[in-house]
Amino acid sequence: MKVFVFNGPNLGRLGTREPDVYGATTHDDLVRLCADTGAELGLDVEVRQTDHEGELVGWLHEAADAAAPVVLNAGAWTHYSIAVRDAAAQLRAPLIELHISNVHKREQFRHHSVLSDVATGVLVGFGVDGYPLALRWLARNAR
Ligand code: DQA
């Protein structure tokens with residue numbers, strides 16, 4: 001089964017970006033972690049990252065057309081992008097919203113997500129370990 005992992009703005013800078021909040025794992029490490037977990041679970045995992053909102057919208061359309069599950073860390077767009085939400089609402093397979101940090105322990109503006117009510121489930125605050133957790137859930141439930 002094909003599974004997309006889409007990471008939004010600033011997540012390409014993992015490892016360098018606020019390591020006290022997001023940890024020391026780089027985006028390349030995260031790609032390897034997802035690929036290794038996918039291989040173990042028999043999933044074909046493709047990880048992409050973009051700083052451009054329209055690109056993410058296009059990727060969500062691609063996943064909708066392919067009826068593929070998505071693990072989505074939309075970064076800051078989570079909190080205000082109706083365009084990303086409208087694209088996510090078109091998905092035909094499970095959508096897992098994911099945040100590396102526990103957004104509920106942080107600034108007020110991070111407490112609201114425009115995505116959560118179109119997501120199947122939400123994983124928040126497990127660091128980059130949330131990604132393999134999301135993939136394990138999909139392997140068990142999305143077939
Ligand atoms: C994030 C949390 C967001 O509030 C923030 O804008 C991000 C990353 C996380 O993974 O914890 O860019 O989605």
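Residues numbered from 1 in each chain as written. Predicted model: local features only at pLDDT ≥ 70, side-chain atom pairs only at ≥ 80, totals over all residues. Heavy atoms only, no water.

Attention shifts here to the UniProt feature "active site" (unreviewed entry) in the chain. UniProt records the feature "active site" (unreviewed entry) for Tyr22 and His99 in the present numbering. Considering the C-alpha atoms alone, the annotated residues occupy 78 residues of sequence yet fold into one spot, their largest mutual distance being 9.6 Å. If you take the residues mentioned a moment ago, the ones lining the largest pocket come down to Tyr22 and His99. Those residues within four positions of Tyr22 in sequence are excluded, and the remaining contacts are Leu14, Arg17, Ile100, Ser101, Arg106 and Arg110. Side chain to side chain, Tyr22 and Arg17 meet in a polar contact 3.4 Å long. With respect to the element layout, His99 can be found in strand 4 (residues 95–99). Of the residues examined, His99 reaches a relative accessible area of 6% and is grouped as buried. Those residues in contact with His99 that sit more than four places away from it in its chain are Asn73, Thr78, Leu123, Val124, Gly125 and Phe126. Polar contacts involving the side chain of His99 include one to the side chain of Glu97, which spans 2.7 Å. (UniProt positions renumbered as here; feature names shortened; annotations may be inferred. 1 Å grid on protein atoms, 1.4 Å probe; cavity = no way out; pocket = protein on both sides within 12 Å on 5 of 7 lines; lining within 4 Å. Contact = heavy atoms within 4.5 Å. Polar contact = N/O pair within 3.5 Å; in protein donor to acceptor, adjacent residues only side chain to side chain. Helix = DSSP H or I, 4+ residues; strand = E, 2+ residues; numbered from the N terminus. Buried < 20%, exposed > 50% of the residue type's maximum accessible area, 1.4 Å probe, protein only.)

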